[in-house]
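# Structural characterization, general
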Amino acid sequence: MQQLISVWGALGGRQRAVVVGATLAMVLAVLGLTRLASAPNMSLLYAGLENGAAGDVVKSLEARGVQFDVRGGAIFVPDSERDALRLTLASEGLPANGGQGYELLDGLSGFGTTSQMFDAAYWRAKEGELARTIVSNPAIATARVHIANSSANPFQRDVKSSASISVTPTGAAISAQQARALKFLVSSAVPSLVPENVAVIDGKGGLIGSEADGASGPTADDKAIQLRDRVQRLMEARVGVGNSVVEVSVDTVTESELIRERSFDPEGRVIVSTDTEERSDKADSSGGGDVTVASNLPDGDGGGSDASSSTKAETRERVNYEISETTREITRVPGAIRRLTVAVLVNGTYENADDGSQIFVPLPDVELEALNDLVSSAVGFEEARGDQITIRSLAFERPEGLGTGPLEPAIFAGNIDIMRVVQMGVLAVVALILGLFVVRPVLASSGGQNASAAGALPAPVDNSSPALEGEIEPIGGFEDLPMVSDGPDFGGMGMVDFDMDSPSSSEDPVDRLRNLIEERKTETVEILRNWLEEDKEEVR
């Protein structure tokens, strides 16, 4: 402590200001970097919450005394506590979903509730439940469901139900396959609602899975993926995981076609009705001779008996036949498989040769034929359609060193936080710079002056300075040099104490002075320069 006081007393005003400023800067830098390094790494807890749900989460965190940070609507907590907090908040029902479900019906009572109010609350609860189910998908952040039900207008006919789904994905826009899944989800939950009447709207991609895009049915890629998965499962069950590669190409029909056909079969007659008509005609005629007076008398003999009669019978039958007629209407929509191609690459086995190398052995033809039959059954092979299946057993390229031995554990097996290491490194560098280039030079200069004032020579310096060469000794030597014990003041640079009682007092003072000059060449030059300057001032 005494040494520090003496050093502080030897400093000038400017040097003291530099020391105080450097000390304060170093302390502040160390405190700031220490706080930065000791602060926990913040990780995202929840984002995109509604105001009420976010407020409930913040209140729960404050009650637990957990450090948190709110940045633009997102809540951050220490990384080490994030997972535990999510589980704990979930057990309390936080964050609460803004959309309410069937709990809306709990507040309805039998008194004062009309059928219209109950229907409105029911469909609102239905929409909330569907929105909750959709949001449970990790790929979807928020969702709203709107159902247009026709039950409110019972006197209208031919009115179909419809619905719309508005979603906000967490990442990229949802795909057409996901949109179809959402359509079937909503249509299955609402009576008399078909998937074609459900619209899916994405905030990033617009209308997804519309009929104009041909997304009403599975595409060729979807069918290819489905068939590939089937074949892949079969191959892995026989040859193992990673020993087979399956590729499926599906050529589908892209145009729609409507065929109407009407055919008649003349041999296939069927009696529909029979109409029979019978007619019978009878005619009698009598003729006489000349007209005389006798012929006009009733009983006269003058009349002649010339009479005739005729009978006619006719039968008519009408039979109605119905000819067999066949009418067919065929509609071919896009998506039908036109041609199917399957390629399967199967790895074989390896045997050790006499020289120690491994020889590849492909699968036998009998096994390849069995696999071909399995693949044909799995994909629905049709030779008339032009389908083709190719199975080959070839060697797989194996990377060098694969499975050569266990991995050696790293030096730092734990979880290393790179930012924490960088912060500690910056802290160490700042402390080192302040200590070496600011405080140490100031203390060193002040220590040299203090030592001079106390009567000791300055600290050793570089002896390679060529300022003084040879010996400093007059022609007559140092015979007349007085022996002083207090030590002379060489130009104000300090006192040289020649203590004769010291262990080295038996040494010749001249030799001792010569040795000191050899050790302190730079200080000696400064002393001589001061003497020369004093002599010049006296001469003036």
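Residues numbered from 1 in each chain as written. Predicted model: local features only at pLDDT ≥ 70, side-chain atom pairs only at ≥ 80, totals over all residues. Heavy atoms only, no water.

- Naming follows an unreviewed UniProt entry, where the protein chain appears as Flagellar M-ring protein of Pelagimonas varians.
- As recorded by UniProt, the Function (unreviewed entry) comment attached to the protein chain reads in full: "The M ring may be actively involved in energy transduction."
- The UniProt entry for the protein chain carries the following text under Sequence similarities (unreviewed entry): "Belongs to the FliF family." (UniProt positions renumbered as here; feature names shortened; annotations may be inferred.)

### Considering the pairing of strand S13 (residues 358-361)
- Examined bridge by bridge, strand S12 (residues 349-352) and S13 share four bridges and lie antiparallel to one another. Bridged to Asn352 within S13 is Gln358. (Pairing = 2+ DSSP bridges. Helix = DSSP H or I, 4+ residues; strand = E, 2+ residues; numbered from the N terminus.)

### Considerations on the sheet that holds strand S11 (residues 337-346)
- The sheet built from three strands is open, its strands ordered S8-S11-S14 with mixed pairing. Lying at the two open borders of the sheet, with one neighbouring strand each, are strand S8 (244-252) and strand S14 (388-393). Averaged over all pairs of adjacent strands, the angle between strand axes in this sheet comes to 5 degrees, irrespective of strand direction.
- In terms of strand pairing, S11 meets S14 through six bridges, oriented parallel. Counted as the bridge partner of Val342 is Ile389 from S14.
- In the packing of helix H7 (residues 220-239) onto the sheet, the strands contacted are S8 and S11, and the crossing angle to S8 comes to about 155 degrees.
- Sitting on the sheet, helix H9 (residues 365-379) is in contact with S11 and S14, with an inclination near 145 degrees to S14. (Axes fitted to C-alpha atoms, helices over the stretch in contact; angles between N-to-C directions. Contact = heavy atoms within 4.5 Å.)

### Observations regarding the packing of aromatic side chains
- Applying the stated criterion to the full structure yields two aromatic pairs.
- Plain terms: the ring middles of Tyr122 and Trp123 are 5.3 Å apart, the flat faces sit at 75 degrees to each other, and that makes the pair edge-to-face.
- By relative accessible area, Tyr122 is classed as partly exposed at 29%.
- Aromatic pair Tyr350 and Phe360: ring centres 5.5 Å apart, planes at 65 degrees, arrangement edge-to-face. In this pair, Tyr350 is assigned in strand S12 and Phe360 in strand S13, connecting sequence segments ten residues apart. (Phe/Tyr/Trp six-rings, centres within 6.5 Å; stacked < 30°, edge-to-face > 60°. Buried < 20%, exposed > 50% of the residue type's maximum accessible area, 1.4 Å probe, protein only.)

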